[in-house]
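Chain by chain, the residues:
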Amino acid sequence: MQTSQGESSQSYQQVPPSYQNSQTVPGNGQQYLEKGKTISKLYFSYFLSVLKSPVPTAERIGKKELTNGIITIVLFALMIPLMTFFGLKGLLEDSFYSPDVSFSAVVLKPFFTLVVILALIAVIIFGVIKLGKSPASLLDVISRLGAFLVVPTALLFIALIISLIGSVFFAVFLILGLVGASLIIPLIVYSFKREINKGLDTFYCTFLVYIGIAILFVVLGEQAFYEIENMINNFDPFGF
């Protein structure tokens, strides 16, 4: 009898337990402070566990690690806009003009757009693996997507740090992070299908996910180009 992906995640011992079991001290301010510290410690331990052994660890992640997965997705979506923001500020400070760099236009809007895109990718993966007869829930998919994004997020974080010191070598880690993110799709699909012999084959599931993502980018492409054009106009001092 096949076991569900949610059940398989229970056997995973390396990742810290759910935040629901974390203890907090009385008092509103102190309570939130202690809870924040606990979440940070648990996430850091989780991040290192996945970073040390990405595939064996991430492929056993289930919805119990939903909070960790969401944190990673948010961090991944935040890194690229932040790099763009600091890169533009540094570039414009060295030029003979220095127009203001809009934090909202360069960071906030792209950040929320990336979060929505990643959420839709999770929905696409969920829909396709259902064709493969996987018993996993959408929360399992989101949790595992976040787990597989740990390594790309770490690479983007390194790129962000390098960009802050003004080195162009940040582009190397940026590219590696983006390439790594594009390669996690087959790993996610396989992790849900590896013990299931019925339903749509893993190869076709992966193929359908990529088709779904391509359609998603085509649909969102016009809006994305509009946002890019607006962002460029924000930095055009001559009004071209």
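The sections below set out a description of the structure shown in this document. The structure presented is a predicted model; accordingly, all values stated were derived computationally and were not measured.

Reading the values: the criteria
Residues numbered from 1 in each chain as written. Predicted model: local features only at pLDDT ≥ 70, side-chain atom pairs only at ≥ 80, totals over all residues. Heavy atoms only, no water. Helix = DSSP H or I, 4+ residues; strand = E, 2+ residues; numbered from the N terminus. Buried < 20%, exposed > 50% of the residue type's maximum accessible area, 1.4 Å probe, protein only. Contact = heavy atoms within 4.5 Å. Areas by Shrake-Rupley, 256 points an atom, 1.4 Å probe, with all protein chains shown as cover. Axes fitted to C-alpha atoms, helices over the stretch in contact; angles between N-to-C directions. Parallel < 35°, antiparallel > 145°, perpendicular 65-115°, else oblique. Left-handed = near helix turned anticlockwise from the far one by under 90°. Expected span 1.5 Å × (residues − 1). Core = buried A, V, L, I, M, F, W, Y, C linked by side-chain atoms within 4.5 Å. Patch = residues over 30% accessible without salt bridge, like charges linked within 9 Å, V, L, I, M, F, W, Y side chains within 5 Å. Salt bridge = Lys/Arg side-chain N within 4 Å of Asp/Glu carboxyl O.

## A short note on the overall build of the protein
The helix and strand inventory of the protein stands at 10 helices and zero strands. Ordering the α and β elements of the protein from the N terminus gives α-α-α-α-α-α-α-α-α-α. Buried positions account for 38% of the 240 residues belonging to the protein. Across the protein, contacts joining residues at least 24 apart in sequence account for 75% of those joining residues at least 6 apart. Carbon and sulfur atoms make up 67% of the accessible area of the protein, which amounts to about 13,600 Å² in all.

## Structural notes on the packing of helix H7 (residues 150-164) against helix H8 (residues 170-182)
Closest axis-to-axis distance for the H7/H8 pair is 8 Å, and the angle between their directions is 165°. As far as their axial angle goes, H8 and H7 are roughly antiparallel. Considering how the two elements wind past one another, H7 and H8 form a crossing that is left-handed. Mapping the contact onto sequence places Pro-152, Leu-155, Leu-156, Ile-158, Ala-159, Ile-162 and Ser-163 in H7 and Phe-170, Phe-173, Leu-174, Leu-176, Gly-177, Gly-180 and Ala-181 in H8.

## Things to note about H7
Here H7 is 15 residues long and its end C-alpha atoms lie 21 Å apart, about the 21 Å a rise of 1.5 Å per residue gives. Positioned one or two residues after H7, Gly-166 has a phi angle of 85°, which is positive.

## Re the nonpolar core
Where a protein is soluble and globular, its nonpolar side chains tend to be buried together. One finds Ile-125, Leu-149 and Val-209 to be the most contacted residues of the largest nonpolar core, which totals 47 residues. Going through the elements one at a time, helix H2 (28-52), helix H4 (66-93), helix H5 (103-131), helix H6 (138-148), H7, H8, helix H9 (184-193) and helix H10 (202-234) are the ones with two or more residues in this core. No other element matches H5, which puts 11 residues into this core. In this structure, Ile-125 is in contact with Val-141, Ile-185, Ile-188 and Val-209, ignoring residues within four places of it in sequence.

## Brief notes about a nonpolar patch on the surface
Nonpolar side chains collect at one region of the surface, where Leu-131, Phe-203, Tyr-204, Phe-207, Leu-208, Ile-211, Ile-215 and Val-219 lie side by side and expose about 810 Å² of accessible area between them. Looking at which element gives the most residues to the nonpolar patch, the answer is H10, with seven residues. For Phe-207, the location among the structural elements is in helix H10.

## Some details on the pattern of salt bridges
Going through the model one piece at a time under the given rule, you end up with two salt bridges. For Glu-195, the salt bridge identified is with Arg-194, shortest N-O distance 4.0 Å. Note on Glu-195: relative accessible area 39%, which makes it partly exposed. Here Arg-194 falls in the partly exposed class, since its relative accessible area comes to 31%. Linked by salt bridges that have partners in common, Glu-59, Arg-194 and Glu-195 make up one network.

## Concerning the packing of H5 against H6
Here H5 crosses H6 at 125°, and the two axes come no closer than 9 Å. As summarised for this structure, H5 and H6 are arranged oblique, according to the angle between their axes. In terms of crossing hand, the pair formed by H5 and H6 is right-handed. Listed contacts from H6 to Leu-118, Ala-122, Val-123, Ile-125, Phe-126 and Ile-129 of H5 are Leu-138, Val-141, Ile-142 and Leu-145.

## With respect to unusual backbone geometry
Although it is not a glycine, Lys-133 sits at a positive phi angle of roughly 65°. Position of Lys-133 among the secondary structure elements: in the loop between H5 and H6.

## Looking at the environment of Leu-78
By the element assignment, Leu-78 lies in helix H4. Given the relative accessible area of 27%, Leu-78 is considered partly exposed. Here the alpha-carbon distance between Leu-78 and Val-115, two residues 37 residues apart in the chain, equals 8.7 Å. Leave out the neighbours within four places in its chain, and Leu-78 touches Val-107 and Phe-111.

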